[in-house]
Amino acid sequence: MASKQSTIALALALMMSLVGLTPASGGTLDRIAETGVIRAGTRADAIPFAFDNGSGTPVGFSVDLIEEIRAAAEKAIGKPIKVDLSVVTPANRVQLVADGKLDIVCEITTPTWAREKQVDFSIPIFRDGTRILTFRDTLRTVPNPKDMLIGVAEGTTTATILQEALPGVRIKNFPSMDAAFIALGKGDVQGVANIGVVLLGLSRKFEPNRSVVLLPRSAPYGNETMSCMLPQNDSAWRDFVNHTIIDLEDGLADYRGRYMDIHDKWFGRDGVMVYPLDRSTRDYLLQSDIWAR
């Protein structure tokens, strides 16, 4: 009689062959099959991607995507799989994956060539543009963002994008977006920068009588693609995650399907904040499905 371990391995190999994958010995999928645990990471300060709603455990769009990946792995492996979810920061997220301490990090990480030297990335899960949030009354005395002191979270691509768009802009790094927003509220900086949706989410922490503005008012300073970070040189795990994301996007062309359900849960009319999925972003995400079904 075959052992339980060999049965799981056979089921996993069969699943991977069905989706065109080749299992790699000793890879992430093998370890998940053996331990029944996906070691995942996400942020706790990126509303509504991942944030602490008071429960002590992050919730949000990215957390739901991790849950979909867990469910897909459980179905493929044929045994219960759980997620061991850790909170990461912009400063430590890449290293935690590179060091093999986490199997996946899903939040608002932008793929860059520098990061690709340490980790791999999934296909895109979201796209948005970099903007600056400031108080409306600040614009009366400092109307030009180039003259502001802008707070950003260290370890992000935001500073580079701002420096390219606004040569000479003054930037101050903070350990987290929460810290940057506290500094903005105290007047230590005149603006904070990140992707627009994160800025809108965090702005809810301000008192209602402090009106905020997103700059620029039209096109953003630069578009940023967000992907999940994965261990380097583990194609079986990367392909499994990508296949799961592609499956979630089935029906997205018609604004339906599982990805759309999750998006509406957090960004829809009854979500944490209203941030509709525009046609250009929808089409951008769908371009990731380059394989024949």
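Model, not experiment: these values are computed from the prediction.

Reading the values: the criteria
Along each chain, the written sequence defines residue order, and numbers are assigned to residues from 1. Per-residue local features of the predicted model are confined to residues with pLDDT of at least 70, and side-chain atom pairs are confined, for both listing and counting, to 80 or more; whole-chain, interface and lining totals are unaffected and use all residues. In computing side-chain properties, one takes all heavy atoms of the structure into account and sets aside hydrogens as well as water. We define a salt bridge as a contact between a side-chain nitrogen of Lys or Arg and a carboxyl oxygen of Asp or Glu at a distance within 4 Å. Helix and strand assignments come from DSSP, with helices taken as H or I runs of at least 4 residues and strands as E runs of at least 2, each series counted from the N terminus. Burial classes: relative accessible area under 20% of the type maximum marks a residue as buried, over 50% as exposed, and values in between as partly exposed (1.4 Å probe, protein chains only). Pairing of aromatic rings covers Phe, Tyr and the six-membered ring of Trp, with a centre-to-centre limit of 6.5 Å; geometry is then stacked below 30 degrees between planes, edge-to-face above 60, and tilted otherwise. Here, over-ring charges are defined by two tests on the NZ atom of lysine or the CZ atom of arginine: distance to the ring centre within 6 Å, and angle to the ring normal within 35 degrees. Strands are labelled as partners when DSSP assigns at least two bridges between them.

Draft legend 1. Molecular detail of the pattern of salt bridges. Tallied over the full model, the rule gives twelve salt bridges. For Arg31, the salt bridge identified is with Asp103, shortest N-O distance 2.2 Å. Of this pair, Arg31 sits in helix α2 (residues 28-35) while Asp103 sits in the loop between α4 (93-98) and β6 (104-105), placing them 72 residues apart in sequence. Its relative accessible area of 22% is what places Arg31 among the partly exposed residues. The buried category is assigned to Asp103, whose relative accessible area is 1%. Among the ionic pairs, Arg70 bridges to Glu67, the shortest N-O distance being 2.8 Å. Of this pair, Arg70 and Glu67 both sit in helix α3 (residues 61-77), three residues apart, which is roughly one turn of that helix. A network of salt bridges, in which partner residues are shared, links Arg43, Asp45, Arg93 and Glu107.

Draft legend 2. Quick peek at the packing of aromatic side chains. As enumerated under the stated definition, the model contains nine aromatic pairs in all. Aromatic pair Phe49 and Phe267: ring centres 5.5 Å apart, planes at 65°, arrangement edge-to-face. Residue Phe49 is located in the loop between β2 (45-46) and β3 (50-52), and its partner Phe267 is located in helix α10 (residues 258-267); the two are separated by 218 residues in the primary sequence. Assigned by exposure class, Phe49 and Phe267 land together as buried. Seen in terms of ring centroids, Phe61 and Phe126 are 5.7 Å apart; in terms of plane orientation they differ by 70°. Their pairing is edge-to-face. Highlighted residues: Phe61 in helix α3 and Phe126 in strand β7 (residues 119-135), separated in sequence by 65 residues. With respect to class, Phe61 is no different from Phe126; both count as buried. Through a chain of ring-to-ring contacts, the aromatic side chains of Phe49, Phe61, Phe126, Tyr259 and Phe267 assemble into a single cluster. Above the ring of Tyr284, the side-chain terminus of Arg127 is found at 4.6 Å from the ring centroid.

Draft legend 3. Just the sheet that holds β3, in detail. Taken in spatial order, the three strands of this open sheet run β2-β3-β4, and their pairing is antiparallel. Sheet topology places β2 and β4 (58-59) at the edges, where each strand pairs with a single neighbour. Bridging between β3 and β4 involves two bridges; their strand directions are antiparallel. Bridge pairing in β4 links Asp52 to Pro58.

Draft legend 4. Seen up close, unusual backbone geometry. Residue Pro48 follows Ile47 across a cis peptide bond; omega there is -5°. If you trace the backbone, Pro48 turns up in the loop between β2 and β3. Between Leu215 and the following residue, Pro216, the backbone shows a cis peptide bond with an omega angle of -10°. Topologically, Pro216 is positioned in the loop between β11 (212-215) and β12 (223-231).

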